Amino acid sequence: MDVLYFAWVRERIGLPKEKVETSAKTVMDLVEELRAREERYALAFSDIGALRVAVDQDLTDFDASIENAREVAFFPPMTGG
């Protein structure tokens, strides 16, 4: 699946997008797999309360299923203005 990173998440990880092979069932499972990769991922996902997530371009929660998903995107909360 494609995993996309936006704003400071992208800056910390150093990539805008990557293909990920995963056995994760939920977004949180995926986050745990990514955190375990290396320090830059652990840093980017150290406070998931500061992140939002979309699965196949639909905003969702970290307990959402990602089975059969094509894309997961992580980004900071959006602000108006």
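Structure: see above.
Residues numbered from 1 in each chain as written. Predicted model: local features only at pLDDT ≥ 70, side-chain atom pairs only at ≥ 80, totals over all residues. Heavy atoms only, no water.

## Thoughts on the side chain of glutamate 71
Working step 1: Along the polypeptide, glutamate 71 turns up in strand β5 (residues 71-75).
Working step 2: Notably, glutamate 71 is buried but unbridged: the nearest opposite-charge side chain belongs to lysine 17, and the N-O separation is 6.2 Å. (Helix = DSSP H or I, 4+ residues; strand = E, 2+ residues; numbered from the N terminus. Buried < 20%, exposed > 50% of the residue type's maximum accessible area, 1.4 Å probe, protein only. Lys, Arg positive; Asp, Glu negative; His and termini not counted. Salt bridge = Lys/Arg side-chain N within 4 Å of Asp/Glu carboxyl O.)

## Considering the packing of aromatic side chains
Working step 1: On inspection of all chains with the given rule, the structure shows five aromatic pairs.
Working step 2: Between the aromatic rings of tyrosine 5 and phenylalanine 45, the centroid separation amounts to 6.5 Å while the plane-to-plane angle is 65°, which identifies the pairing as edge-to-face. Here phenylalanine 45 lies in the loop between α3 (39-44) and β3 (52-55) and tyrosine 5 lies in strand β1 (residues 2-5), a separation of 40 residues in the sequence.
Working step 3: Here the aromatic rings of phenylalanine 6 and phenylalanine 75 are separated by 6.5 Å at their centres, their planes lie at 75°, and the arrangement is edge-to-face. (Phe/Tyr/Trp six-rings, centres within 6.5 Å; stacked < 30°, edge-to-face > 60°.)

## Quick word on the side chain of glutamate 18
Working step 1: Here glutamate 18 shows up in strand β2 (residues 17-19).
Working step 2: Here glutamate 18 falls in the buried class, since its relative accessible area comes to 13%.
Working step 3: In terms of polar contacts, glutamate 18 uses its side chain to reach the side chain of arginine 37, at 2.9 Å.
Working step 4: Not counting the four nearest positions on each side in its chain, glutamate 18 is found in contact with Met1, Asp2, Val3, Tyr5, Arg37 and Tyr41. (Polar contact = N/O pair within 3.5 Å; in protein donor to acceptor, adjacent residues only side chain to side chain. Contact = heavy atoms within 4.5 Å.)

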